[in-house]
Every structure is written in C-alpha cells, then in structure tokens.
Amino acid sequence: MSLSVAILIDDFFPNSGGIGRSVQTQLEELSRMGHEVTLIAPDRHLQRPAGVRTIACPAIYKEGLPAHLCVLHPTERRARLISKQARFDVVHSQTERGALVLAARIARLQGIPHVHTFHTNIAGTHSTLPFAAAWGSLGYEVLVTRALGLGSKRPPRFASSFPPKTAEPDNNNFFSRMDWRSLGWIAAHADAVTSPAAYMLENIEAAVAQPIGGTVIPNASAVTIVDGAAQRREERHGIRFLSIGRLAKEKRLDVIIRAFNRARIPDAELVIVGDGDQRERLEALAGPGVRFLGGLSDRAAVAEQYLEADALVLGSYRFDVQPMVILEAGAAKLPVLYCDDRLTAGLSGQTSQLVAPDMQSLARGMQKLAEPGRLAELRAGYERVDVRLDPEDMAAAYVKVYEKARRLPERHG
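As the structure is a computational prediction, the values presented were derived from the model and not from experiment.

Examined against the element boundaries, Ser176 turns out to sit in helix α5 (residues 174-189). Along the sequence, Ser176 and Val313 sit 137 residues apart, while their C-alpha atoms lie 26 Å from each other.

Now the structure itself:
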C-alpha cells in the first residue's frame, strides 16, 4: 500500500552533511517504491529534490553560523499551514530541533503517527566542546523537550531520568547523562523511534529503564562511484588521504592534521572537503601537503574526491552515529582509517584500519597505510567481504516502521 510520508529536517538540504545525504537517499528510494513523499526543510540554501514535493519552511538562522544551528519554525501556526497544504499518513522527523517539535504538532493536528530518527549523538560533544556543549544540553533540557511536550499535547509513553553511570567515560559526565535523559523524553513522545546505531537506542533505554521498541536502521548511500579509480591511483605518485565532513571541533580535524604533519610521509597529501567555523583554525595548523577544498554539495563532485583519494581518514571519537562518508568510501573501494570502535556499519578489518584515538596512533596508522602493498591489500578486501548497505533495504525498513506505527490507535487519531 502506498503511503504519504512527510520527512522533516532542520539542516540545510542537501548540502549540510551526512544527515542531509541520508534524507536525500530516503526520499529517492521511498519515491521509487511508489510512496508519496514530502520534504519539509529550511527555505535557506534549499535545493529542491527532483520528483519530490517540497515545502520550504521559514527557519531561525543567522547567516555565517554553523548549519546545525538552523531551526525550523515549530509554531502551531506553521503546523496548521502545512496541514492545509498536504495530508500525510505518517510524519518523520530526523533532527532534534524545530523539525522535531513541528512534526509533533503536525502529527497531532492530522491524527497520524510521529516517527523520529536519532542521527546525532549530542552526548558525545562534551569531551571536545565542554563549555558550548553544556549550554547546548541545557537548551535541550529547557527548550526542546518542553516545546515537544507542548506540541504533542499528550503524556509521554514512559518516564525518563538520568541513566546510571557506565564503563564509558563519556557517558558519566553530568551533562552527557542529562542529554540521554532528554533523548529519552523525545523517544517517549514519538510513536516510534529509529537510529542508524544500536548504541544510541541502548543508551536511551538506560535513561528510561525499559525497552523502547526502537529499530536500528543503518544509513545507506546512493552515491555511485564510477569506474576508473584504480587507474587514477596507480598513475599518481604518493598517497592521498581524504577527509570529508563539517569542519567542527567535535569532528577532531585538528587531530587528523596534526597526525598527518607528524607522519611526514614523502609526497603525501591530505585533502579536506567541508566547511565550518573551525576552518581558519585548521588552516593555521596545516603543514605542507594539506589542502582545503571547501564544501561540495553535488554528488558527482563528492564522488570525484573518493575516486582521487587513496584512503579515507575519520578522526571523530565517541561522537558520530554512522558517518555517511564510510558508506561512500565503500562504494569507491576506498580503505578507511578510523579510531572509534563503536562504528561498525560499512566497516571490516579486511577493508579498514582501526587505531587508538590519539594523534600519535593516527599518525602511525597513516604510515602503515603508506607501506608498500597495504592499500592494495585493503582494497582487495572489498572483493572478499560485502560491507555495502542497500538503499532499498533502508527504505523498506522505514516503511515497516511506518506501518507498525500506524497500527497504534491508542497513540494517535
């Protein structure tokens, strides 16, 4: 049966990062399966996807600030205006800001289920941004969760509190535990929740002290990497490392740059794709061989960088949920150097290299990849193991969640 699905996102679409690229793939696959999909996204920097109804929503945002500070107008008036334009079977929010609250209001007005996907580990920002992240946690606690309760106008499915301390140091921080409580509150007000990573749902369950019925749905990438990469790599002298993502402190690009400088690999390059408030600081750290290309929103331009690179380097630790760049690297049979052992989707010991999260270990990892035959060995690993994630499987999993949520009359309509 065909469904009418509204997908909401606070981030600029589609060029704000991995969430935008995941949503883009969801839109395409759900539409291809015959469902009627509506994208509700900020009217700032919007590139309307072909073949998908798009509702451009006013947003609270000051130009020049990071894209993740953009917030859709979550007012009752906005929800009513959207409901006059379109009727849906399910509403699906994918960021925990205005999109979350607006989705709750639309769900209530139309008597439909509200599904939410946890893409971002807000609790993982405190080790790199202790002061700013603390204010962010208070903002979620005071503003977002309260606004969600007012928007949904219904009691939570379960209570949420500070989770017990665990063996994970990052989860023992007062504000990290507050974040998990806030995410538990969000889960309690949605009809169904999903996340690309199991640890997100496990930590939320620790905060609510009961199963939440969440579904792990890994992201999938629809980026097609054309043939010819192997020949390009063989023709170039030296090794080229690639980093793609927001130039934000929690991504730890400074650690990657320092590691590259320390490794001192002859004729090596480090190409950094992305933009953000850390660019000026990172450029000051960069030594010879480091190049900044800025942000790229076009899929073909992104694919070109994977084709030109020899290895992807990911420096984030205990922050990312499921980076899209890992999936895109897999599409290009590109070896991955990473340092967060919680990341599993799209990774294998036969195609990637896991190191400790400190700068020295990343430098040694780069040196290891530069050894004769190591890159070829990891590229060959893609022939032995299948780490690809099918966009069709991702979309089909979401449809199952939608259909299950629609069979919960006690929560809506």
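For the rest of this paragraph, the subject is the sheet that holds strand β9 (residues 215-216). Reading across the sheet, the seven strands line up as β3-β2-β1-β6-β7-β8-β9 and stay open at both edges, with parallel pairing between neighbours. Two strands in the sheet have a free side with no partner beyond their single neighbour: β3 (53-57) and β9.

Glancing now at the packing of aromatic side chains. Inspection of the entire model under this criterion finds five aromatic pairs. An angle of 35° between the planes, with centres 5.3 Å apart, marks the rings of Phe162 and Phe174 as tilted. Note that Phe162 is positioned in the loop between α4 (130-152) and α5 and Phe174 in helix α5, a separation of twelve residues in sequence. Ring geometry for Phe241 and Phe260: centres 6.3 Å apart, planes at 80°, overall edge-to-face. Separated by 19 residues along the polypeptide, Phe241 in strand β10 (residues 240-244) and Phe260 in helix α8 (residues 253-263) bring together distant segments of the chain. With respect to class, Phe241 is no different from Phe260; both count as buried. One aromatic cluster in this structure is built from Phe162, Phe174 and Phe175. The aromatic ring of Tyr199 is capped on one face by Arg342, whose charged end is 3.8 Å from the ring centroid.

Turning to the sheet that holds β10, a few remarks are in order. Backbone-to-backbone hydrogen bonds join strands into a sheet, with any given pair of strands oriented parallel or antiparallel. Read across the sheet, six strands follow the order β12-β11-β10-β13-β14-β15 without closing on themselves; strand pairing throughout is parallel. In this open sheet, the two edge strands, each paired with only one partner strand, are β12 (290-294) and β15 (352-354). Adjacent strand axes in the sheet meet at a mean angle of 25°, parallel and antiparallel pairs treated alike. Pairing analysis gives two bridges linking β10 to strand β13 (residues 311-313), with the strands arranged parallel. By the bridge assignment for β13, Leu242 is matched with Leu312.

This brings us to the side chain of Ser152. Note on placement: Ser152 falls in helix α4. Among the polar contacts made by the side chain of Ser152, one reaches the main-chain carbonyl oxygen of Gly149 at a distance of 3.5 Å. Once residues lying within four places of it in the same chain are set aside, the contact partners of Ser152 are Ala104, Arg108 and His189.

Glancing now at the pairing of strand β1 (residues 4-8). Of all the five residues making up β1, five are buried; the element is thus mostly covered by neighbouring parts of the structure. Both faces of β1 are covered, namely the face carrying Ser4, Ala6 and Leu8 and the face carrying Val5 and Ile7. Inspection of the sheet shows β1 paired to strand β2 (residues 36-42) by five bridges, in the parallel sense. In the sheet register, Ser4 faces β2, and the bridge partner there is Glu36. Direction of pairing for β1 relative to strand β6 (residues 90-93): parallel, over a ladder of four bridges. Following the sheet pairing, Ala6 is matched in β6 by Val91.

This part covers the pattern of salt bridges. According to the stated counting rule, one finds 26 salt bridges in the structure shown. Between Arg21 and Glu328 there is a salt bridge, with its nearest N and O atoms 2.6 Å apart. With Arg21 in helix α1 (residues 18-32) and Glu328 in helix α11 (residues 324-331), this residue pair connects regions lying 307 residues apart in the sequence. Each member of the pair, Arg21 together with Glu328, is buried. Of the charged contacts in the structure, one is a salt bridge between Asp43 and Arg44, with a shortest N-O distance of 4.0 Å. On the accessibility criterion, Asp43 (37% relative accessible area) is partly exposed. Accessibility expressed as a relative area gives 25% for Arg44, which makes it partly exposed. One network of salt bridges, with partners in common, ties together Glu76, Arg80, Arg105 and Arg108.

What follows covers helix α6 (residues 198-208). When α6 is considered as a whole, its buried residues turn out to be Tyr199, Met200, Leu201, Asn203, Ile204, Ala207 and Val208. For α6, the secondary structure elements touched by its buried residues are α5, β8 (192-195) and β9. The positive-phi residue at the C-terminal boundary of α6 is Ala209, with phi of around 60°.

Rules used in this analysis
Residues numbered from 1 in each chain as written. Predicted model: local features only at pLDDT ≥ 70, side-chain atom pairs only at ≥ 80, totals over all residues. Heavy atoms only, no water. Helix = DSSP H or I, 4+ residues; strand = E, 2+ residues; numbered from the N terminus. Pairing = 2+ DSSP bridges. Phe/Tyr/Trp six-rings, centres within 6.5 Å; stacked < 30°, edge-to-face > 60°. Buried < 20%, exposed > 50% of the residue type's maximum accessible area, 1.4 Å probe, protein only. Lys NZ or Arg CZ within 6 Å of the ring centre and 35° of its normal. Axes fitted to C-alpha atoms, helices over the stretch in contact; angles between N-to-C directions. Polar contact = N/O pair within 3.5 Å; in protein donor to acceptor, adjacent residues only side chain to side chain. Contact = heavy atoms within 4.5 Å. Salt bridge = Lys/Arg side-chain N within 4 Å of Asp/Glu carboxyl O.

No statement about biological role is implied by the geometric values presented.
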